[in-house]
Structure formats: C-alpha cells, structure tokens
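Structural features, examined
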Amino acid sequence: MERKLRVAQYGCGKMSVYSMRYVYEKGAEIVAAFDINPEVIGKDIGEIADIGKKGVKVSDAKKAGEILKEIKPDICIITTQSLFSDLYEPFKVCAQSGVNAISTCEEAFFPWNSSPKLTKELDELAKQNNCTLCGSGYQDVFWGYLITALSGATQTIKKIKGKSSYNVEDYGIALAKAHGAGLDLDTFAKEISASDNISEEQRNKMIENGTFLPSYMWNVNGWMCEKLGLTITEQTQKTVPQTHNAELKSSTLNMTIPAGHATGMSAVVTTKTKEGIVLETECIGKVYAPDEFDQNDWTIEGEPSTRITVNRPATVELTCATIVGRLPDVINAEPGYITTDKMPDPVYRTKPLNEYVK
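Parameters at a glance
Residues numbered from 1 in each chain as written. Predicted model: local features only at pLDDT ≥ 70, side-chain atom pairs only at ≥ 80, totals over all residues. Heavy atoms only, no water. Helix = DSSP H or I, 4+ residues; strand = E, 2+ residues; numbered from the N terminus. Rg over C-alpha atoms; globule rule 2.2 N^0.38 Å. Contact = heavy atoms within 4.5 Å. Areas by Shrake-Rupley, 256 points an atom, 1.4 Å probe, with all protein chains shown as cover. Buried < 20%, exposed > 50% of the residue type's maximum accessible area, 1.4 Å probe, protein only. Polar contact = N/O pair within 3.5 Å; in protein donor to acceptor, adjacent residues only side chain to side chain. Salt bridge = Lys/Arg side-chain N within 4 Å of Asp/Glu carboxyl O.

Moving on to the overall build of the chain. Scanning the chain from N- to C-terminus turns up eleven helices and 15 strands. Over its C-alpha atoms the chain spans a radius of gyration of 20 Å, differing by no more than 12% from the 21 Å that the globule rule assigns to 358 residues. For the C-alpha atoms alone, the extent of the chain along its principal axes is close to 50 × 50 × 40 Å. For the chain, long-range pairs separated by at least 24 residues make up 72% of all intrachain contacts whose partners lie at least 6 apart in sequence. Carbon and sulfur atoms make up 48% of the accessible area of the chain, which amounts to about 16000 Å² in all.

Shown next as structure tokens:
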C-alpha cells in the first residue's frame, strides 16, 4: 500500500475546518497542527473539523519548527492571515525545516509586486533547503486561471475588468480588521485609505522597504500580467469604505457596527501595460447586510467581448478545495517561492493525492 501524503496544518480556525476535512477526503492525512490560540491548542483536529478524533492534537505554533523538523511532513497548509509580512514567520519556519508550504494568504498569491524583499529572502531560503513555498486559494481559479483561459479564446483584448465581493465574516477577525470593518469613517481614512493617497515614487519606496499594504487585486493583477506575458508600466490602487444605512451585527468582530460606519472596503486596482491592455479590478470585502451575497463578475473587452458572472460562489469552500488540490503541484515544483502561474492548470483530483506526486 502506498504511503499517504502527510500534511501539516498551520492555523486551526475557520478555514481549517474545511482544509483538514478535504485533506482526508482526498486520501491524505494530517500529521501535525499548529495555532497560537490557547483555546484551540491541545484539541484533537478531528473535533475542529468535525470528522471524528484523529489522534493529532493542535500544538503551540512556537513549537512548529522543532515538530516539522522531527516529523518532516510532505507539505504544510497555512491558513492564518492575509498580509505577506504576517506570513513571513510561518513560511520561514517551513523553509528552514525543508517542508513545502502553501498558504491562503491573499498577498502570497503573487508577493513579488508588493513584498519583493521578503519574497526574495524566502525564495533563497526555500532553495537552500530544497522545498517550495506558494500562495493559492479562491483567486487562483476565479481571479486567475478562469480569466486567462477566457483570454485564450479572445482575438484582441483592450481591457480586463473584474469585480469580486465576499463576506469578511467568513474568514476571521484578521481579515475583517484589514478591511477596516467596524471603523468610523475618519478612522478608516487615517488607517486604511491614507496608504493609497501617495505618489508613485512613495509607493515604490514602500514596496521596496516592505511597508506597502496591497489590496488583494494588486497581487492578482501582477499574477495575471505575468501569466499573460504583459509588461506593467503603471499600477495604482484606491480604497474606499463600504457602509450600510442600518446597524449590522458582526460575530467575527464581536460588535454591532453602527449605521454609517465602515462595514468593510472596496479596493480598485488599475494596471496599464506596454501592450496597451488595461486591467481594472475591484474586490469588495465587508460585513454583509441580510440581502447581500458573494459575486464574481469579469468582463474581457475586445474582439469578441466576453462577460462571466458567478453568483453566490462558496468562497471559503472553493478556497480550501483549491489549496488541497494544489498540494501535489507545490510538491512537484522547483524549489523556491513559486507562484501558481508557473504551475499546471488546477484540475479535479480523482485519485489519492499521493498518486499525483512525481
């Protein structure tokens, strides 16, 4: 009998409920789990994912390095935060241990255009220890490969426009706070929007020194241009608060957001290219009102023009299923920080994951 793919789970919150179950359903197994939350540490992973006890308890993330080096899993799934600077330590621990790693961190999808210094450091560390680091998730298919595949059926492209919305309640407190949910508008302007009211020179300096805060589409546009072979000449972003005319309860923030306060944000990224193609993409992340739902809407303007809309996508489940499906691709990839534009197209896995590993 072939050995099952051995997976570690770093971060045992909302996303891990799905990612860990999906790992088992695809014929692999979780051999270690880590978190920083005292209420989660010591729990059996089966209790968290509601799949029956597995005999694997969540360890303190401080012990991740020694445990990873000792048990040497094939790969580690990281489902914690959304900014690359917050993922640097988990990625570093994996790379130092010679363990492949993949993360749902949105900036990790294509961090070369927002955190090049940290990405280069991790890239070199992963190469030294013969492992691969990567970011994937919902954006890999619905903001990435779906759009580049449609581009392949287009004769001439003038503009690619995209808009995607998601409920920050589904992802945990770190993401909700990163979107400014719950802030009054003055505080939102100071803490969230102010970072975009800068010159291109200032932005480039921030990117260079690792202090730039990209919206999710910033990295998506970089990924897409890389995949399509486009040369970026200018890229800007603008964030604006989203509001609601009545108060909204947020279980994630454990508060009631007053009417008129920020429920989240919209971020628009505009990318101009040497080839004349413009990318204009928007992501809207907020605490939803009762009648709101997830949507993914993209238009390729050209000959011919094509529009595709996906209403009510199960964003969390799609994110986790994409991550789990990507595990063999990451293991098979060259060592270093390798983004998914350099990997095979995402495919449905009909056999146990281990059978896809070269």
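Alright, that's what it looks like, and here's the rest.
Its location among the elements puts arginine 349 in the segment after β15 (336-337). Arginine 349 gets classed as buried once you look at its relative accessible area, which sits at 7%. Reaching out from arginine 349, the side chain makes a polar contact with the backbone oxygen of glycine 325 at a distance of 2.9 Å. Among the polar contacts listed, one links the side chain of arginine 349 to the side chain of aspartate 329, at a separation of 3.1 Å. Excluding anything up to four places from it in sequence, arginine 349 contacts Lys26, Gly325, Pro328, Asp329 and Tyr356.

Turning our eyes to something else, we now look at the side chain of threonine 104. Its place among the elements puts threonine 104 in the loop between β5 (100-103) and α5 (116-128). Setting aside residues no more than four positions away along its own chain, threonine 104 makes contact with Met15, Ile78, Thr79, Thr80, Ser136, Gln139, Thr319 and Ile323.

The topology assignment puts proline 344 in the segment after β15. Sequence separation between proline 344 and glycine 135 is 209 residues, and the spatial gap between their C-alpha atoms is 14 Å. Discounting residues that sit within four places of it in the chain, proline 344 has contacts with Tyr145, Arg326 and Asp329.

Once that is clear, we can look at the pattern of salt bridges. Overall, the coordinates contain 14 salt bridges when judged by the stated rule. Two residues, arginine 21 and glutamate 25, come together in a salt bridge whose shortest N-O distance is 2.8 Å. Placement of both arginine 21 and glutamate 25 in helix α1 (residues 14-25) is noted, with a separation of four residues, approximately one turn of the helix. Its relative accessible area of 26% is what places arginine 21 among the partly exposed residues. Given a relative accessible area of 52%, glutamate 25 falls into the exposed group. A salt bridge links aspartate 140 to arginine 326, with the shortest nitrogen-to-oxygen separation between them at 2.8 Å. With aspartate 140 in helix α6 (residues 138-151) and arginine 326 in helix α11 (residues 315-332), this pair connects stretches of sequence that are 186 residues apart. Note on aspartate 140: relative accessible area 0%, which makes it buried.

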